[in-house]
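Spelled out, the chains give:
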Amino acid sequence: MFIEVKDARKQYGSGEAAVYALDGIDFTLDEGKICVILGPSGSGKSTLLNMIGGLDSLDSGKMMINGTSITGLSKKALTAYRKENVGFVFQFYNLIPDLTVEENVAVVAEIAKKPLSMDDILKALDIEKYRYRFPRELSGGQQQRVAIARAMVKNPRLLLCDELTGALDTKSSRSVLRFIEKINREYGTTTLIITHNEAIAGMADIIVRIRDGKIESCDENRNKVTSDALVL
Amino acid sequence: MKLNKRYRRGIRADLPFYVSASLLTMVTLLMFYLFYIAGTGIGQYGDEFFSRNKREDATFATYMEIPLEKISAFEEKYGVTLERERYAGVDEGDYKVRVFRPNEKIDLYEIHTGRDLRNDGEILISAGYADENGVSPGEKISVGGRKYTVVGTFLRPDYLYMIENLTDDYKNVTTFFLAYMTPREFKSRFGEGSIHYKVIYGEKTDQVAFRKDINDHYYMASYLAADNNMRITFVHEQADMFIMSSWFILTLFPLLTVLMICILLGRKIRAEQKLIGTLSAMGYSKVKLMRHYSLFAVIPGIVGGLLTSVAALVLAKPFGSLGLADYEPMTPEFTLPLWVAAAGLAVPTLIYFIAAMLRVRKLLKEDTVKLLAGQVGNDAKSRRILTRTRRKVKFRFAVRQLVGNPGRSFVIFLGIFLGAAVVAFGFSFLDSVKAVGEQAHGEFGSFRYEYVLNTLEKGKPYAGEAMIMLPFEDAKARQFSLIGLDSDSTLWNLTTVDGEKADLASGFYISTLCEAIYDVHKGDQFTFRHIATLEKHTVTIDGVIKNGYQSYLISSRKSAADIAGLDSGSYNVILAERSLPLETDKISEIISDTTYENQMQNMINAMAGLIYAFIGIGMIICIASLYATVNNMLSECGHNISMLKVLGFEDRRIHCMILSSNHLLLLPGIILGIAFAYGGMAWYCAEFIEVERLIIPATLKPISILMTVVITVFCYFVSLVLLRRKVNKIDMIEALKDNRE
């Protein structure tokens, strides 16, 4: 198992205001798979993604990534874990506005142990021609591709995507998903996508449904289609 | 308005900004307050003390004694108060005493501690010496071989600055003091003593006619107007220096600080554009929004103003006392005038209020949709630089941060600049005063001793070189020395500023100090008059000799004697390369090559506290301004920082990338700060040429430059270290959520 989550619990607030973001989650995922996590707002899917990505820590439970526990790791160790293993893509891209496309990608490549070729990744995501542009000079879809390039340049084993098409139109969404599919195929990157959009689940190997911090279902997608076939 | 509930929360959330902005407002205003309070306190004390104790307008000596009945006649004729003062000089070896018989009309003494004289065996001594040497009432002191009981200490208006000889530039309270005995005791010990006269002019007195009349009948030997008497003028000069410094400080530091805080306030308001847009869309009027944000902005003004008033009340006395270290123990009241306190509170507050109001108004002129999207002010074309360079991303990011945020960069630069400027100014002051001591004798000449004689001699001395030195004045009664030297003199510096040797046999030359004070230059005609006869003379200046410490007109001994109406071979000063065994009663004063150096070192010792306080204030300004600005920068960059954390950047790398972007401003800020301080010192020295009768060479030694750099860099990094915690505390998830909102 590449990802193994056991009885994961996370609570925000206390007393009557306590909210159980994760309420005993059990979940596994094999390496190289695409997993789509579906759920309404407040269901705990972003919290689960943050825990897997080492942005936050569990109150209790266990979380193993590639056979290594990340539960209870120090802040420094979690930083190293993120640096070496995890690529993030967010709904609003979170690019650094004062850096060009090339620089947004290079800034991560500079700290990576074995970064991919920047030219290759820019070409793969078809943003090579925008390399000297600033994020504000790009469309949403283009920005999201830059965000994917930035996440991928360090050649992570795990790509975590939080509502990556949430701010995009249908055409841009399809384009971005096509690149996610391509990366998964070419680099074998284990990919977790959380989304409201049921349609995206069509391209997943595993579909997880989550509600009120609990997993409702975790199924293998027997009708997996390519991103081009998705009805977005 | 429910919106106002944000005040407490907003202040708590941004406490570091409000604390540092208030502190900055306080520190810079406090500098102005303290200098202003000290200046007005000293000036006011001087006025009152002079008035209470009938300070002289001039003192003079005559070759013939003026009879008492004639004194009354002169008083009546010219509407003056005239008094004969009797005194005697006593050299006790370890110390010298100038003993006076008490006056009745002019330059009265005021008891400082103890009581007045009652018996002949009692003595009053000057308070500065008593304080310096720990002499208390009740102790015995020897004067002229007899022991007297010290019953009290006193101050007198013509000796508030205790200069032993009028040619000295610095006080002597360690080996010289004044004393009073009863008239009977004075007479029994010293007979009539030496005599000089004190005069207070009436409003309508024709001073020139009075002086001519005195000279015509009693032959004026010397005349010194109060305006030329450093023992008197130094009181108001010190007051003026403080007040001038306060206005210099006000126009520079508080105004720049206020500007700095206004820029930061503007940026903080711009950062709230989404909320402002939302409130505007909800129907909040422009006036309500302007008022809401302006009230946030006045907090540093009110808190800073109040803190300044409190700090000024506490610090005014000790600070003012630092400025009085050179004087007799005067007791001015250092109080904060209400209008100054009110202005200190109101002015920055009002400026912050207006700045915030204008910023909100400007924002509200923008398209609401743009505000809601947070896009106002993001149109930074200047950030498109270094896009195609191979330099490290960190460097490119730093440069764009600076260029793309000119207001913020300016404020950071200003913080470094102001800090470096204040620190460098403090060091420059010390260096410049030291330079006077170090350079002065070189400009005087190669002699080691200058013996000023009591009498006029003729011919040549048995050793050394003869010189005649006599006081003259210009039409404004500003005195200088007319010097006459033999043309083969080798001991006096005769090199002109053009690099040539002055030809005394055929010309007249002035010192650079004289040139600066009287605004007379090479080729100009210089008109002056004898201080006794008031006879006018006009000469053409053939050159200027580099000497910023003595105000003189120099020519041959013959020319000088001719002007003074003396025999051509007369002299009253001997210059010597070695100590001469002259009879002590023939010597009025000995000036050695270390005199200036010692006087300046004493001055530095006395002023050190003030200067180090100045340097300390510079450090606070530097740290507080950088803290406030970089804190603001971190708030603005919170999203970038959180994203770098998400991407796996260690804290060390994030500090390096975000905080180090300002390093580029460090060097220019320090260099310009030092240059500004040096320029300020040069201006300051130039302003004080006439007041101090000294050209202080504006100096900043390499070691001082190094110290300034070290201190400023230290302050800079202290502020960054303080802010590292803030970088570390930025929560990745919260920042990402904020971005989603």
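Along each chain, residue indices are assigned from 1 in the same order as the chain's sequence is written. Labels are handed out in written order, letters beginning with A for the chains and numbers beginning with 1 for the ligands. Residue-level local features of this predicted model are given only where pLDDT is at least 70; pairs of side-chain atoms are given and counted only at 80 or more, and the full residue set underlies all totals for whole chains, interfaces and linings.

1. Quick word on the interface of chain A and chain B
Frequently, the measure chosen for interface size is the accessible area that the parts lose on association.
Now for step 1: Here, residues touch in the contact sense if the C-beta positions derived from the backbone fall within 7 Å of one another. Listed per partner, the contact involves 23 residues of chain A and 23 residues of chain B.
Now for step 2: Strands here mean DSSP runs of E at least two residues long; helices mean DSSP runs of H or I at least four residues long; both are numbered from the N terminus. Among the secondary structure elements, those contributing two or more residues to the side of chain A that touches chain B are α2 (75-85), β6 (86-90) and α3 (101-109) of chain A.
Now for step 3: Ten residue types, Ala, Val, Leu, Ile, Met, Phe, Trp, Tyr, Cys and Pro, are classed as nonpolar, four, Asp, Glu, Lys and Arg, as charged, and the remainder, Gly among them, as polar. Residues of the side of chain A that touches chain B, tallied by class, amount to 11 nonpolar, five polar and seven charged.

2. Let's talk about the domain arrangement of chain B
Now for step 1: For the domains described, the bounds stem from an automatic or database domain assignment. According to the domain assignment, chain B consists of domain 1 (1-57 + 242-377), domain 2 (85-196), domain 3 (410-444 + 593-741) and domain 4 (448-507 + 547-592).
Now for step 2: Here the C-alpha centre of domain 4 of chain B lies 56 Å away from the C-alpha centre of domain 1 of chain B.

3. Some remarks on the packing of helix α9 (residues 286-323) of chain B against helix α10 (residues 338-364) of chain B
Relative orientation and spacing of two packed helices are given, respectively, by the angle between their axes and the distance between those axes.
All names here are of chain B.
Now for step 1: Contact geometry of α9 with α10 gives a least axis separation of 7 Å together with a crossing angle of 155°. Taken together, α9 and α10 sit at an angle that is classed as roughly antiparallel. Viewed along their axes, α9 and α10 form a crossing whose handedness is right-handed. Lines fitted to the C-alpha atoms define the axes, with helices restricted to the stretch that makes contact. Angles between their N-to-C directions range from 0 to 180 degrees. Oblique is the label for any angle not covered by the other classes, which are roughly parallel (under 35 degrees), roughly antiparallel (over 145) and roughly perpendicular (65 to 115). Each crossing gets its hand from how the near helix is turned against the far one by less than a right angle, where anticlockwise is left-handed and clockwise is right-handed.

4. A word on the sheet that holds β6 of chain A
Residue and element names in this part refer to chain A.
Now for step 1: Pairing between strands is defined by DSSP: at least two bridges between them are needed. Here we have six strands laid out as an open sheet, ordered β6-β7-β8-β3-β9-β10, and mixed in their pairing. The sheet is open, and its two borders are formed by β6 and β10 (214-220), each paired with just one other strand. For this sheet, the mean inter-axis angle between neighbouring strands, taken without regard to orientation, is 15°.
Now for step 2: The pairing of strand β9 (residues 206-211) with β10 spans six bridges and is classified as antiparallel. Bridged to I210 within β10 is I215.
Now for step 3: Each of β6 and β7 (158-162) touches helix α5 (residues 140-152); the most contacted strand, β6, lies at about 170° to it.

5. What to know about the nonpolar core
Taken as a class, soluble globular proteins show a tendency for nonpolar side chains to be buried jointly.
Now for step 1: Ranked by size, the top nonpolar core spans 282 residues in total, and within it V36 and A149 of chain A together with Y33, L34, A179, A356 and I416 of chain B carry the most contacts.
Now for step 2: Per-element tally for this core: the top contributor is helix α13 (residues 406-444) of chain B, with 20 residues.
Now for step 3: Setting aside chain neighbours within four positions, we find Y33 of chain B in contact with T308, A312, L336, V340 and G344 of chain B. Nonpolar core, as used here: buried Ala, Val, Leu, Ile, Met, Phe, Trp, Tyr and Cys residues forming one set through C-beta atoms within 7 Å. Our exposure labels follow a C-beta count within 10 Å of each residue's own C-beta, placed from the backbone: buried means 20 or more other C-beta atoms, exposed means 12 or fewer, and partly exposed covers the counts in between.

6. Side note on the sheet that holds strand β2 (residues 19-29) of chain A
Two strands in a sheet stick together by hydrogen bonds in their backbones, pointing the same way (parallel) or opposite ways (antiparallel).
Residue and element names in this part refer to chain A.
Now for step 1: The sheet built from four strands is open, its strands ordered β2-β1-β4-β5 with antiparallel pairing. Every interior strand has two partners, whereas the edge strands, β2 and β5 (68-69), have only one.
Now for step 2: Bridge count for strand β1 (residues 3-12) against β2 is eight bridges, and the pairing is antiparallel. Each bridged residue has a counterpart across the sheet, and for E4 the counterpart in β2 is T28.

7. So, the environment of L644 of chain B
All names here are of chain B.
Now for step 1: Residue position: L644 is located in helix α17 (residues 638-646).
Now for step 2: Along the sequence, L644 and I654 sit 10 residues apart, while their C-alpha atoms lie 7.0 Å from each other.
Now for step 3: Apart from the residues within four sequence positions on either side, L644 is in contact with F649, I654 and M657.

8. Notes on α13 of chain B
Now for step 1: Bend is the name given here to the angle between axes fitted to two runs of seven residues, the run ending at a residue and the run starting at it. In α13 of chain B, a bend of some 35° at E438 of chain B exceeds every other bend along the element.
Now for step 2: When you tally the buried positions in α13 of chain B, you get 30 out of 39 residues, the bulk of the element.

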